[in-house]
Amino acid sequence: MARRLLPQLAPFIDGLPLPQRLIAEEHHGSLVVRMRMGEHRFHRDLPVSTIWGYEGMVPGPTIEAERGHPVTVEWRNELEGPFPLEVTTAPTHADARGVPVQCVPGLSGGTADRNAAALTGQAVVHLHGGLTPAVYDGWAENLLASGQSAVFHYPMDQRAALLWYHDHVMGITRFDVYAGLAGLWIVRDQPERELGLPEGPPFEVPLLIQDRNFDLDAQGRLTGVLLHKTDPEVMEAFAPFTVVNGKVWPALDVQPAIYRLRVINASNARTYRLVLVRNGDPELDRITQIGTDHGLLRAATRMPSDGLVLASAERADLLVDFSDLAPGSELTLFNTAKAPFDGSPFAAARAEMAADLAGLLPHPEVMRFKVIPGSAQRRVFPAALATDYGAPSPQELADAKRRAIALVERELEGEPNMLTMRELAPVEDSDSTGLLTVTDDGITTRYRAVAAHFEDVTTFFPVLGEYEVWQLINLTGDTHPIHVHLDPFQILSRRPIRYEIAKGGIEDLVITAAVTLERDPADQLDHAIDDNERGLKDTVRVNPNEVVEIAVRFTNYSGRYMYHCHILEHEDRDMMRPFVTMPRELMPFMA
């Protein structure tokens, strides 16, 4: 039935577009990027869609910069109305056939949100993964109205990596990014070049993956109007059409060679578990991962056995070997992750059968690779990739400041649930009510929530140059990709937990719950750190029934930044908190 839901668009018809390249060195490090309304065709058989994009394109131009060569960007807001996106909450989770409304196009009985329709193009740009002074980080409340511009200075004093830039306006990030405001940014450096990796077309290919939905006309035909649809049971938008570089289910012709795929999950909420299939069988052994969010791993690694998992905002640098394949060979990339994602496994061998209406995955295809004639080219790349970082030593972590954060969902009557990150502070034994307790190996620590909402008092003041250990405790049923602005971090541990939340225990600030670091009998996840997560990260998945510890160290820039869930519907619903990085000499003067 899932395959009959989307009869109007055939997969693998359109060629994969490559975003326009904007190479900073060719412009002496000074760029002008305009945010503009544009027209875009997401599929050959779709009408043209109106979008908001950087330079009026989806995705925006891929900016390429050199390490150590600062880049100045004048971001010009030239957005014009009306807002090119219909926003609706359908009245029911499923239609009369029992099909979840998010699996199909159209309003599904909902009405267009007037508040969203009235948006006039407020914007602010965040360079995700950038080691950027606070004034240029794209603070969510520092808005540019249409007709205004801002000049941001990016030092580019960071290792080669795939970054991305996107809108970050308070409360409506989910709408602005969905409307098209996202683009890639690649940092290059000499150590990476010395490895001889593919750089630029045709063998280096960026893949920006998103999901999108469209409205229907009175005759039930797709209109091309972008549609952000949620429902009473699912507050996130999980759209049925997978879009890569702005095209629905595209195809890429490849020569018999090794390709470098720079992959990013730029979807609002959907997690992808990517499996490459040929003739019905998974071919994960063709893929080697060489990098993650902040660049090269220390050594290349193979894919996890179930496929490559990328939550919102995670990136992967992949080498895919097509060199032994005959012309005419076809390989299809599938997504096997249901939504909302909870970490549940799915065998790679069953990837072609991953369609799951209950899991809001009506069409698991992502894109196709078609091998064309050419002379076979097979190159061997070094096994050792990077030596410029290592895991923090026990001595460095021994005296590290430890912080605990509970990821919490609060049910509300008549409106979407509120998701927050409760910052926790240890309390004395004399305190007895409204506490969250964490028991590890028989030792119990008692915490009280001291902040929950974005506008609550700032409680995190990391000292520059010093390691901290942040403990992320997931007390919800979903996987949350937690993104920390500024410097990258490393994952120290993933451990299973069982927990009990007291009846009425989640209030506006207070949380009453008991957490024990041991496996819940119903928990089927392995809670392991994948080999491809052992690099430098800025976004980490925190699964249900799980506590994740990360080692964080901020290095150069003082100021106000933020961390948040990168499911944009969660971020906009208050799952975001500020922190202020400080030089040590100022700390004695902080009240």
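Note that residues are indexed from 1 along each chain, following the sequence as it is written. This being a predicted model, a pLDDT of at least 70 is required before a residue's local features are given, and a value of 80 or more before pairs of side-chain atoms are given or counted; all residues contribute to the totals for chains, interfaces and linings. Excluding hydrogens and water, the side-chain values take into account all heavy atoms of the structure.

Student: Just give me the short version of the overall build of the protein, but keep the residues and values in it.
Tutor: Here a strand is any run of E in DSSP of at least two residues, a helix any run of H or I of at least four, and the numbering for each starts at the N terminus. Assigned secondary structure in the protein consists of five helices and 38 strands. The reference for a compact globule is 2.2 Å times residues^0.38; the radius of gyration itself is calculated from the C-alpha atoms. A compact globule built from 591 residues should have a C-alpha radius of gyration of about 25 Å, and the protein, at 23 Å, falls within 12% of that. Along the longest, intermediate and shortest principal axes, the C-alpha atoms of the protein span 70 × 60 × 55 Å. Burial here depends on accessible area, computed with a 1.4 Å probe over protein chains only, as a share of the maximum for the residue type. Under 20% is buried, over 50% is exposed, and the range in between is partly exposed. Relative to its 591 residues, the protein shows a buried fraction of 61%. Whether two residues are in contact is decided by their heavy atoms: any pair within 4.5 Å suffices. Contacts in the protein between residues far apart in sequence, at least 24 positions, make up 78% of those at least 6 positions apart. Residues scored as positive are Lys and Arg, those scored as negative are Asp and Glu, and His as well as the terminal groups of each chain are ignored. For this purpose, a charge sits on NZ of Lys, CZ of Arg, CG of Asp or CD of Glu. Distance between charge centres in the protein, computed from 54 positive and 82 negative side chains, equals 3 Å.

Student: Describe in detail the environment of R495, supporting the description with residues and values.
Tutor: Looking at the secondary structure, you find R495 in strand β32 (residues 489-496). Take R495: its relative accessible area is 32%, and that puts it in the partly exposed class. The spatial distance from the C-alpha of R495 to the C-alpha of T271 is 21 Å, given a sequence separation of 224 residues. Discounting chain neighbours no more than four positions away, the residues touching R495 are D440, L517, H527, N545, E546 and V547. Among the polar contacts listed, one links the side chain of R495 to the side chain of D440, at a separation of 3.0 Å. Polar contacts, as used here, are pairs of N or O atoms within 3.5 Å; protein pairs need one atom able to donate a hydrogen and one able to accept it. Residues neighboring in sequence count only if both atoms are side-chain atoms.

Student: Now, about the packing of aromatic side chains: what can you tell me, with residues and values included?
Tutor: Here a Phe, Tyr or Trp ring, Trp counted by its six-membered ring, pairs with any other such ring whose centre lies within 6.5 Å, and the pair is stacked when the planes are under 30 degrees apart, edge-to-face when over 60, and tilted otherwise. Under the counting rule described, the total for this entry stands at 21 aromatic pairs. Seen in terms of ring centroids, W52 and F83 are 5.0 Å apart; in terms of plane orientation they differ by 65°. Their pairing is edge-to-face. Taken together, the residues W52 in strand β3 (residues 49-54) and F83 in the loop between β5 (71-78) and β6 (85-89) connect sequence positions 31 residues apart. The exposure class of F83 is buried, given its relative accessible area of 7%. Put simply, the rings of F460, W470, F554, Y561, Y563 and F579 pair up and form one aromatic cluster.

Student: I'd like a description of unusual backbone geometry, backed by residues and values.
Tutor: For the peptide bond that leads from V58 to P59, omega is -15°, which places it in the cis range. With respect to the helices, strands and loops of the structure, P59 is situated in the loop between β3 and β4 (62-66). The omega torsion of the bond from A339 to P340 falls at -15°, within 30 degrees of zero and hence cis. Structurally, P340 is set in the loop between β24 (330-335) and β25 (365-371). Here the phi dihedral of S108 falls at roughly 55°; this positive angle occurs in a residue that is not glycine. In this structure, S108 sits in the loop between β6 and α1 (114-117).

Student: Describe the nonpolar core, listing the residues and the values that go with them.
Tutor: Soluble globular proteins tend to pack their nonpolar side chains together in the buried interior. In this description, a nonpolar core means a group of buried Ala, Val, Leu, Ile, Met, Phe, Trp, Tyr and Cys residues linked to one another through side-chain atoms lying within 4.5 Å. Of all hydrophobic cores here, the largest spans 52 residues; its most connected members are M35, F42, W75 and W185. Look past the residues within four positions of W185 in its chain and what remains in contact with it is I63, A65, V71, V73, L127, Y154, M156, A161, L162, L163, W164 and Y165. Of all hydrophobic cores here, the second largest spans 38 residues; its members include C103, V104, W470 and V540.

Student: So, the pairing of strand β27 (residues 418-426): which residues are in play, and what are the values?
Tutor: Of all nine residues in β27, seven are buried; the element is thus mostly enclosed. Only strands that DSSP links by at least two bridges are regarded as paired with each other. Bridge analysis of strand β26 (residues 401-410) against β27 gives seven bridges, and the strand direction is antiparallel. Across the sheet, L407 pairs through a bridge with M421, a residue of β27. In the sheet, β27 pairs with strand β29 (residues 443-451) via four bridges, with the strands oriented antiparallel. Within β29, the position partnered with E423 by the bridge is A451.

Student: Which residues make up the sheet that holds strand β21 (residues 295-302), and what are the values?
Tutor: Strand order across the open sheet formed by seven strands is β15-β14-β11-β17-β23-β20-β21, with mixed pairing between neighbours. This sheet does not close on itself; its edge strands, each paired only once, are β15 (247-248) and β21. Of the strand pairs in this sheet, strand β11 (residues 204-212) and strand β17 (residues 258-265) are connected by six bridges, and their pairing is parallel. Bridge assignment links V205 to a residue of β17, and that residue is L261.

Student: Give a detailed account of the sheet that holds strand β38 (residues 576-581), specifying residues and quantitative values.
Tutor: Strand order across the open sheet formed by four strands is β35-β31-β37-β38, with antiparallel pairing between neighbours. At either margin of the open sheet sits one strand with a lone partner, and together these are β35 (539-542) and β38. Neighbour-to-neighbour, the strand axes of this sheet turn through a mean angle of 25°, independent of strand direction. Both strand β31 (residues 480-484) and β35 contribute to a ladder of four bridges, which runs antiparallel. In the strand pairing of β35, I482 is matched with V540. An axis is simply a line fitted to the C-alpha atoms; with a helix, the fit covers only the stretch in contact. Between two such axes, the angle follows the N-to-C directions and lies from 0 to 180 degrees.

Student: If you had to explain the pattern of salt bridges to someone new, which residues and values would you point to?
Tutor: The working definition used for a salt bridge is a side-chain nitrogen of Lys or Arg within 4 Å of a carboxyl oxygen of Asp or Glu. One pass over the full model with this rule turns up 44 salt bridges. The salt bridge partner of R402 is E549, with a shortest N-O separation of 2.4 Å. Here E549 lies in strand β36 (residues 546-552) and R402 lies in strand β26, a separation of 147 residues in the sequence. The exposure class assigned to E549 is buried, which follows from its relative accessible area of 15%. Among the charged side chains, a salt-bridge network with shared partners connects R21, E64, E66, R188, E192, R193, E199, E204, R260, R262 and D317.

Student: Before we move on, can you summarise the side chain of H228 with the specific residues and values?
Tutor: Mapped onto the elements, H228 comes out in strand β13 (residues 222-230). The class for H228 is buried, based on a relative accessible area of 2%. Polar side-chain contacts of H228 include one of 2.8 Å to the side chain of E569. Those residues within four positions of H228 in sequence are excluded, and the remaining contacts are L85, E86, V87, T88, R174, F175, Y178, A237, N268 and E569.

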